[in-house]
Amino acid sequence: MNSSLRILSFAVVLMLTVTFRGGAQEIESASVSKDTILIGDQVEWVSRIKVPRGMRVSVDSMAGYVVPGVEIIGAFTVDTVDRRGDMSTVETRAVITSFDSGSYVLPPLVVYFEGKDGFADTMRLPEVPLEVTTVPVDTASFELYDIRPQFRYPVTFGEVFPWALLLMAVAAIVFFAVRVLVRRRRARPVFGRPDPKEPPHITALRELDRIRSEKLWKNGKEKQYYTELTDAIRAYIEQRFDIRTIERTSNEILTDLSGKDVVPADFEVLKELFGTSDLVKFAKYSPSEAECENAVPEAVRFVNDTYRQEQEEEKKNE
């Protein structure tokens, strides 16, 4: 008998303790910041609960729709907003919205409590009503309009300016690239003015003087001597008479030169010089020392005579 009383007394004490601890949580409020919203508006779903200090509070997460037609944005946040004595005020907060008009009832929010001593409890908050409305349409004065035609907005300076800069930059790059290619082909500097071009007779006379001073024929280099000599004369003829001489035979050059205003004596000198040179280069002809020594003076004579002839022609034209 005494044993039965002890068990009954322990059970009553345990029930009172659980009742006291479970009833320590108190709902202060459960509401929305606005009970009526327009479609697409957002509203906060807020609740406040008093709990003993040190107790952890969590909320059942609602991913997606709270109820059909009402969506939750983000997740619930739980925060302690007030502490007084042994009790704390905990606030749960979430943002919701709706894109369908109608009257809704937000379901009871499930809140979990957990104490440091292992105590756990669950609480359901009250349901919260929410009204979602649309913009009213005045059907009495409503007038149906046709679809408006496509409207073209005028082009502004701010829209054109970046494209104009891009076009100018591309044009500048293309101009610079073309300038570099052309000037390199002409052996001219990319920037600045080119050096004054030397007259062709000056270039030829300087080259002939170099050939004369080296006297290659005395070292058995007659072929090289006549090659350099005729190359200097060919370059002069090309610049002076505008006759192409590269990769052409002596006869072809003389044929074109015969149509120019050249003194017959100078033409014969050049013809003899080219003939001797061809024999040395292609027929293994061994010229005499006198022929080698006279070759450069004859070339110089041809250059000087044709240059003086050019000056006289210019004076007559003036």
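Cut-off values and rules
Sequence positions are assigned chain by chain, starting from 1 and proceeding in written order. Per-residue local features of the predicted model are confined to residues with pLDDT of at least 70, and side-chain atom pairs are confined, for both listing and counting, to 80 or more; whole-chain, interface and lining totals are unaffected and use all residues. Hydrogens and water molecules were not included; the side-chain quantities draw on all heavy atoms of the structure. DSSP-based pairing: two strands are paired if at least 2 bridges between them are found. Only runs of H or I of at least four residues qualify as helices and only runs of E of at least two qualify as strands under DSSP, and these elements are numbered from the N terminus. Angles here are taken between N-to-C directions and fall from 0 to 180 degrees, while the axes themselves are lines fitted to C-alpha atoms, restricted in helices to the stretch in contact. For every residue, the accessible area obtained with a 1.4 Å probe (protein chains only) is divided by the maximum for its type, and the residue is called buried under 20%, exposed over 50%, and partly exposed between those limits. What the arc covers is the set of directions going from the helix axis to the C-beta atoms. In what follows, residue pairs with any heavy atoms lying within 4.5 Å of each other are defined as contacts. The span one expects for a helix is its residue count, reduced by one, times 1.5 Å. What is called the bend at a residue is the angle between a pair of axes, fitted to the seven residues leading up to and ending at it and to the seven starting from it. The score called pLDDT rates the predictor's confidence residue by residue, from a low of 0 to a high of 100. Salt bridges are defined by distance alone: a side-chain nitrogen of Lys or Arg within 4 Å of a carboxyl oxygen of Asp or Glu. A patch consists of residues exposed above 30% relative accessible area that lack any salt bridge, with like charges linked at up to 9 Å and nonpolar side chains (Val, Leu, Ile, Met, Phe, Trp, Tyr) linked at up to 5 Å. Calculation of accessible area relied on Shrake-Rupley with a 1.4 Å probe; when residues are assessed, cover is drawn exclusively from the protein chains displayed.

This brings us to the sheet that holds strand β8 (residues 102-106). Across the sheet, which stays open at both edges, the three strands sit in the order β2-β11-β8 with mixed pairing between neighbours. Two strands in the sheet have a free side with no partner beyond their single neighbour: β2 (36-38) and β8. The mean inter-strand angle of the sheet, taken between neighbouring strand axes irrespective of direction, is 30°. Both β8 and strand β11 (residues 128-133) contribute to a ladder of five bridges, which runs antiparallel. Note that in β11 the partner of Gly102 across the bridge is Val132.

What follows is about the pairing of strand β10 (residues 120-124). The sheet contact formed by strand β9 (residues 110-114) and β10 spans five bridges and is antiparallel. Bridge pairing links Val110 to Arg124 in β10. Where β9 folds back on β10, the antiparallel hairpin that results is connected by five residues, among which Gly118 adopts a positive phi of roughly 95°.

Next up on the list: helix α5 (residues 250-258). Taken residue by residue, α5 has Ser250, Ile253, Leu254 and Leu257 as its buried positions. With its buried residues spanning 95° around the axis, α5 presents them on a single face. Those residues of α5 that are exposed and angled more than 90 degrees off the buried face are Asn251 and Thr255. Each element contacted by the buried residues of α5 is listed here: α4 (222-241), α6 (264-282) and α7 (289-317).

This part is about the sheet that holds β10. An order of β4-β9-β10 is seen for the three strands of this open sheet, with the pairing classed as antiparallel. Where the open sheet ends on each side, the last strands, each with one partner, are β4 (56-59) and β10. Across the sheet, the mean angle separating the axes of adjacent strands is 20° when strand polarity is ignored. In the sheet, β4 pairs with β9 via four bridges, with the strands oriented antiparallel. Looking across to β9, one finds that Val59 is bridged to Val111.

As a further point, take unusual backbone geometry. Non-glycine residue Glu247 carries a positive phi angle of around 55°. Turning to its location among the elements, Glu247 is positioned in the loop between α4 and α5. Residue Glu247 is classed as exposed on the basis of its relative accessible area of 79%. Of note in this structure, Lys284 is not a glycine but carries a positive phi near 55°. With respect to the helices and strands, the residue Lys284 is situated in the loop between α6 and α7. Look at Lys284 and you get exposed, because its relative accessible area is 77%.

Another point: α7. In an α-helix, one turn spans 3.6 residues; hence positions three or four apart end up facing the same way. For α7, which comprises 29 residues, the first-to-last C-alpha distance of 43 Å matches the rise-based estimate of 42 Å (1.5 Å per residue) to within 8%. Its maximal kink placed at Ala295, α7 deviates by approximately 30°, while the proline Pro297 follows within four residues. Those residues of α7 hidden inside the fold are in contact with α3 (200-214), α4, α5 and α6.

Before going further, it helps to examine the confidence of the model for the protein chain. When pLDDT is averaged across the protein chain, the result is 82; 87% of the residues are at 70 or more. Element-level pLDDT for the protein chain is lowest in helix α1 (residues 2-22), with a mean of 40, against a maximum mean of 92 in β11. Counted against residues more than four places away or in other chains, residues 1-23, with its pLDDT under 50, gives four contacts.

This part takes up the pattern of salt bridges. Evaluated as defined, the whole model comprises 15 salt bridges. Among the ionic pairs, Arg206 bridges to Glu198, the shortest N-O distance being 2.7 Å. Residue Arg206 is classed as partly exposed on the basis of its relative accessible area, which comes to 47%. Since its relative accessible area comes to 31%, Glu198 is described here as partly exposed.

With that out of the way, let us pick up a nonpolar patch on the surface. A cluster of nonpolar residues, Trp163, Leu166, Val170, Val174, Val178 and Val182, forms a patch on the protein surface that exposes about 570 Å² of accessible area. Topologically, Leu166 is positioned in helix α2 (residues 157-185). The class of Leu166 is partly exposed, set by a relative accessible area of 47%.

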